[in-house]
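# Structure at a glance
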Amino acid sequence: MTPHALPGGTRSRFAAAFLVALFAAACGETAADTTTTVPPPTTTTTVPATTTTTVAPTTTTIPEECPAASLAGDVVAQPDLPPPVASMRQAIIEAALRCDVEQLVDLALEGDPDFIYSFGGSSPPPRRELLAAWQNEGFLDAVLLVRILNLPWASRTGADQEDPIYVWPSAFGDNPTEEDWAALEAVGLVTPEGRAEMEELFGGWVGERVGITADGDWTFLVAGD
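Below is a short write-up of the structure.

Looking now at the overall build of the protein. What the protein contains, in helices and strands, is 7 helices and 4 strands. Of all 225 residues assigned to the protein, the portion counted as buried reaches 30%. Taking the contacts inside the protein whose residues are at least 6 apart along the sequence as the reference set, 55% of them involve residues at least 24 apart.

Shown next, in the form of structure tokens:
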């Protein structure tokens, strides 16, 4: 026997063992090569979308306060007037306290259409003309209107009139007295000098004045002569 030589059976068993070991190594290497690394699970957080709402600015139109409104507490009752005249006077004052020009025009034109607001205006005035004059042309001062109707009144009878017209202020009556003029001076509507000039040139009051007929028809709101 050659030194170091293995018997036949031993060689066969060695060869078989070697093949088994070789196969196992090959399988192990393949297994190692095919190992799949699974990444840790990803956590997905869903963030809700932000909704942007554009709100249009709110524009609130606030009308300017009527300057005549401050006189509401100063209005005096005039119980001696005939009921139709008193009713119209009250309606005019209420509209003037709101600076409601539309309503004032309606009151002026609801009866006899020959309403006088200017000695240069149409007679009778078309509604649009009177509305324009009172709204835009300075023919109406709501504060002054309320103040005039708050003064003492008088009755005035024209040559061709059967019934009197009730007029404000009383200094526009047929025979104004010292008391009538004093009422105007007391509220600052005339000075002693102004009164003297009016009496000399015109014979009486020619400032702002209001007239209502006995049956409650508003016939004029005018100044001048």
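On we go.
Turning our attention to the pattern of salt bridges. Within the structure shown, the criterion is met by 5 salt bridges. One salt bridge in this structure joins Glu102 and Arg127, with 3.1 Å as the shortest N-O distance. With Glu102 in helix 3 (residues 101-109) and Arg127 in helix 4 (residues 127-136), the pair connects residues that are 25 residues apart, well separated along the chain. Glu199 is paired through a salt bridge with Arg195; the nearest N and O atoms lie 3.3 Å apart.

So, on to the pairing of strand 4 (residues 218-222). Burial within strand 4 is extensive, with 5 of its 5 residues counted as buried. As judged from the 4 bridges shared by strand 3 (residues 209-213) and strand 4, these two strands associate in the antiparallel manner. Bridge pairing in strand 4 places Gly211 opposite Phe220.

This part covers the layout of surface pockets. The calculated volume of the largest pocket comes to roughly 210 Å³. Lining the largest pocket are Asp114, Ile116, Phe119, Gln161, Ile165, Phe172, Arg209, Thr213, Thr219, Phe220, Val222 and Asp225. For the lining of the largest pocket, the secondary-structure elements that each account for two or more residues are strand 3 and strand 4. Per-element accounting of the lining of the largest pocket gives the leading share, 3 residues, to strand 4. Its residues assigned to classes, the lining of the largest pocket shows 6 nonpolar, 3 polar and 3 charged.

Ranked by size, the top nonpolar core spans 49 residues in total, and within it Ile92, Trp134, Leu145, Trp168, Val210 and Trp218 carry the most contacts. Those elements giving two or more residues to this core turn out to be helix 2 (83-97), helix 3, helix 4, helix 5 (142-149), strand 2 (165-168), helix 6 (178-186), strand 3 and strand 4. Of all the elements, helix 2 adds the most residues to this core, at 7 residues. Excluding residues that lie within four positions of it along the chain, Trp218 makes contacts with Met88, Ile92, Leu104, Leu107, Ala108, Phe115, Trp134, Val210, Gly211 and Ile212.

Here we take up the sheet that holds strand 2. Taken in spatial order, the 4 strands make up an open sheet running 1-2-3-4, and their pairing is antiparallel. Sheet topology places strand 1 (154-156) and strand 4 at the edges, where each strand pairs with a single neighbour. Adjacent strand axes in the sheet meet at a mean angle of 25° when their direction is disregarded. Across the sheet, helix 5 is in contact with strand 2, strand 3 and strand 4; its angle to strand 3 comes to roughly 60°.

Attention now moves to the packing of aromatic side chains. One pass over the full model with this rule turns up 7 aromatic pairs. For the ring pair Tyr117 and Phe139, a centre distance of 5.4 Å and an interplane angle of 80° mean the geometry is edge-to-face. Here Tyr117, found in the loop between helix 3 and helix 4, pairs with Phe139, found in the loop between helix 4 and helix 5; they are 22 residues apart in sequence, far enough to count as distant. Given the relative accessible area of 8%, Tyr117 is considered buried. Given the relative accessible area of 32%, Phe139 is considered partly exposed. Taken together, the ring pairs in this structure connect Phe115, Trp134 and Trp218 into an aromatic cluster. Over the aromatic face of Phe172 sits the side chain of Arg156, whose NZ or CZ is 4.1 Å from the ring centroid.

So, how was this worked out
Residue numbers restart at each chain and count upward from 1, following the sequence in its written direction. In keeping with the model being predicted, local features are shown solely for residues with a pLDDT of at least 70 and side-chain atom pairs are shown and tallied solely at 80 or more, while totals for entire chains, interfaces and linings include all residues. Side-chain numbers here rest on the full set of heavy atoms in the structure, without hydrogens or water. Each helix is a run of H or I in the DSSP string that is no shorter than four residues. Each strand is a run of E no shorter than two, and both are numbered from the N terminus. Partly exposed residues are those whose accessible area sits between 20% and 50% of the maximum for their type, while under 20% is buried and over 50% is exposed, using a 1.4 Å probe and protein chains only. Between two residues, a contact is recorded if the distance between any of their heavy atoms is within 4.5 Å. Put simply, a salt bridge is a Lys or Arg side-chain nitrogen that is within 4 Å of an Asp or Glu carboxyl oxygen. A strand pair is defined by DSSP finding two or more bridges across the two strands. Both site types are read off a 1 Å grid over the protein atoms alone. A 1.4 Å probe that fits but cannot get out defines a cavity, while an open set with protein on both sides within 12 Å along at least five of seven lines defines a pocket; lining residues have an atom within 4 Å of a point. Grid points are joined across faces, edges and corners, and a volume is the space filled by probe spheres set on the points. Lys, Arg, Asp and Glu make up the charged group, whereas Ala, Val, Leu, Ile, Met, Phe, Trp, Tyr, Cys and Pro make up the nonpolar group; the residues left over, Gly among them, are polar. To form a nonpolar core, buried Ala, Val, Leu, Ile, Met, Phe, Trp, Tyr and Cys residues must be joined to one another through side-chain atoms within 4.5 Å. The angle between two axes is taken between their N-to-C directions and runs from 0 to 180 degrees, where each axis is a line fitted to C-alpha atoms and a helix contributes only its stretch in contact. Under the pairing criterion, centres of Phe, Tyr and Trp rings, with the six-membered ring standing for Trp, must be within 6.5 Å; the plane angle then separates stacked pairs below 30 degrees from edge-to-face pairs above 60, leaving the rest tilted. In this analysis the charged atom, NZ for Lys or CZ for Arg, is taken to sit over a ring once it is within 6 Å of the ring centre and within 35 degrees of the ring normal.

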